Amino acid sequence: MTDTPKTSDGTLMHLPIADRLATDIIDGPWPVGSSMTLEDIQHRFGVSRTVAREAARYLEATGAVTIRRHVGLVAQDPGTWAALNPQVIHWKLHSNQRKQELLSLTELRLAVEPAAAACATHRASLETRAKMPVLALEMRRHGEAGDLEPFHELDIEFHSTLLRNSGNELFASLAPIVETILRGRVEINMYPSRPSASALDAHDEVADAVWKGDAERARKAMHDIVDEVSTVIAAR
């Protein structure tokens, strides 16, 4: 058995092809219900049949296509895809549906993250609770200085830590999704050039409430963080 071919930078060759095809379905160039063969993929992208087949399997695993004998890959309605698959989220965030996708994801965050923050106040370990004010302090330092790359990484760590330490395995399972959302907002330039003072204050408030075991204060402050995101996205 041979390894799946890779590009010069180490990326599996079928992944950018799958990305392009999935985005074509979402944006419309590949109409839902129409088909494409492996030969079509080989010709379009100049790749081997092995790479085309891997791209097809990758798309099929997310529900983006079905593979039919003697027909090929049949594009499926994006509304039926595996909506919580981080790869599907990534595709939709890089399509012309990005705003609606962000709004839907933010509604999900509003339903989950305040509850996760509240749970973490009494379910997270003392070490984890003590870590939150440190993360918030570092976020403020980098955010106010305009050091956005380390700020974004700290923001991901802040939210992921609370989800993973909420004591709820379903909340914890959403940590990779929230990471994809936060990274996606940066990649598509739908993140403020500098974090607002109110957002930094709200992160401080969540961190302090988690450290002190104040569930309702943690819940409200986290709601304020995500609700502000919703307002910014809607305004754009």
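Use the structure listed above.
Below is a short write-up of the structure. Per chain, the residues get numbers from 1 upward, laid out in the order the sequence is written. Per-residue local features are limited, in this predicted model, to residues with pLDDT of at least 70; the limit for side-chain atom pairs, both in listing and counting, is 80 or more; totals at the level of whole chains, interfaces and linings are taken over all residues. Excluding hydrogens and water, the side-chain figures rest on all heavy atoms present in the structure.

**Some thoughts on the overall build of the protein chain**
Here a helix means four or more residues in a row that DSSP labels H or I, a strand means two or more in a row labelled E, and each is numbered from the N terminus. Helix and strand content of the protein chain: eleven helices and three strands. Ordered by position in the sequence, the α and β elements of the protein chain form the string α-β-α-α-β-β-α-α-α-α-α-α-α-α. Based on the C-alpha atoms only, the size of the protein chain along its principal axes is roughly 60 × 40 × 30 Å. Looking at the protein chain as a whole, 44% of its 236 residues are labelled buried. Considering only contacts within the protein chain whose residues lie at least 6 apart along the sequence, 67% involve residues at least 24 apart. Accessible areas in this description were obtained via Shrake-Rupley with a 1.4 Å probe; residue shielding takes into account the shown protein chains only. If you sum the accessible surface of the protein chain, you get close to 11,800 Å²; carbon and sulfur atoms cover 52% of it. The protein chain carries 26 positive and 33 negative side-chain charges, and their two centres are separated by 3 Å. In this scheme, a residue with accessible area under 20% of its type's maximum is buried, one over 50% is exposed, and one in between is partly exposed, where area comes from a 1.4 Å probe on protein chains only. The contact criterion used throughout is that any non-hydrogen atoms of two residues lie within 4.5 Å. Counting rule applied: Lys, Arg positive; Asp, Glu negative; His and chain ends not counted. For charged residues, the charge sits on one atom: NZ in Lys, CZ in Arg, CG in Asp, CD in Glu.

**Description of the side chain of Ser-166**
Of note, Ser-166 is situated in the loop between α7 (148-164) and α8 (169-173). When residues no more than four places from it in sequence are discounted, the contact partners of Ser-166 are Ala-116, Cys-119, Ala-120, Arg-123, Phe-171 and Ala-172.

**Observations regarding unusual backbone geometry**
Trans peptide bonds make up the majority, and among non-glycine residues the majority have a negative phi. Positive phi, close to 70°, is recorded for His-70, a residue that is not glycine. Topologically, His-70 is positioned in the loop between β2 (65-68) and β3 (72-75). Overall, His-70 belongs to the exposed group, its relative accessible area being 77%. Residue Asn-189 is not a glycine yet carries a positive backbone phi of 60°. Note that Asn-189 resides in the loop between α9 (175-187) and α10 (197-212). Under the relative-accessibility criterion, Asn-189 is labelled exposed at 58%.

**Looking at the pattern of salt bridges**
Put simply, a salt bridge is a Lys or Arg side-chain nitrogen that is within 4 Å of an Asp or Glu carboxyl oxygen. This model, assessed by the stated rule, comprises 18 salt bridges. Of the charged contacts in the structure, one is a salt bridge between Arg-57 and Glu-54, with a shortest N-O distance of 3.1 Å. Residue Arg-57 and its partner Glu-54 are both found in helix α3 (residues 49-62); the two are separated by three residues, about one turn of the helix. The class of Glu-54 is partly exposed, set by a relative accessible area of 22%. One salt bridge in this structure joins Lys-212 and Asp-208, with 3.4 Å as the shortest N-O distance. Residue Lys-212 and its partner Asp-208 are located together in helix α10, separated by four residues, close to a single helical turn. Residues participating in the shared-partner salt-bridge network are Glu-205, Asp-208, Lys-212, Asp-214 and Arg-217.

**Overview of the environment of Ala-175**
Here Ala-175 shows up in helix α9. Each C-alpha atom, one on Ala-175 and one on Ala-207, is 17 Å from the other, the two residues being 32 residues apart in sequence. Ignoring sequence-local partners within four residues, the contact set of Ala-175 consists of Ser-160, Leu-163 and Arg-164.

**Things to note about empty space enclosed by the protein**
Which parts of space are left empty comes out when a probe the size of a water molecule is rolled across the atoms. Using a 1 Å grid laid over the protein atoms alone, points where a 1.4 Å probe fits but cannot get out form a cavity; open sets with protein on both sides within 12 Å along at least 5 of 7 lines form a pocket; any residue with an atom within 4 Å of a point counts as lining. Grid points are joined across faces, edges and corners, and a volume is the space filled by probe spheres set on the points. Evaluation of the coordinates by the stated rule reveals one cavity of 30 Å³ or more. Each pocket or cavity is described by its volume, and for the largest cavity that value is around 40 Å³. Leu-108, Arg-109, Val-112, Glu-113, Leu-163, Leu-174, Ile-177, Val-178 and Ile-181 are the residues that line the largest cavity. At the level of secondary structure, the elements contributing two or more residues to the lining of the largest cavity comprise α5 (98-123) and α9. Classification used: nonpolar for Ala, Val, Leu, Ile, Met, Phe, Trp, Tyr, Cys and Pro, charged for Asp, Glu, Lys and Arg, polar for all others including Gly. A class-by-class count of the residues in the lining of the largest cavity yields seven nonpolar, no polar and two charged.

**Examining the packing of helix α1 (residues 14-27) against helix α4 (residues 86-93)**
Note on geometry: axes are C-alpha line fits, over the in-contact stretch for helices, and angles between N-to-C directions span 0 to 180 degrees. Closest axis-to-axis distance for the α1/α4 pair is 9 Å, and the angle between their directions is 60°. By the angle between their axes, α1 is oblique relative to α4. For the pair α1 and α4, the sense of crossing is right-handed. Listed contacts from α4 to Ala-18, Asp-19, Ala-22, Thr-23 and Ile-26 of α1 are Gln-87, Trp-91 and Lys-92. Grouping the amino acids of the contact of α1 with α4 by side-chain chemistry returns four nonpolar, two polar and two charged. Should an angle lie under 35 degrees it is considered roughly parallel, over 145 roughly antiparallel, and from 65 to 115 roughly perpendicular; all remaining angles are considered oblique. Crossing chirality is assigned from the near helix's rotation relative to the far helix, an anticlockwise turn below a right angle marking it left-handed and a clockwise turn marking it right-handed.

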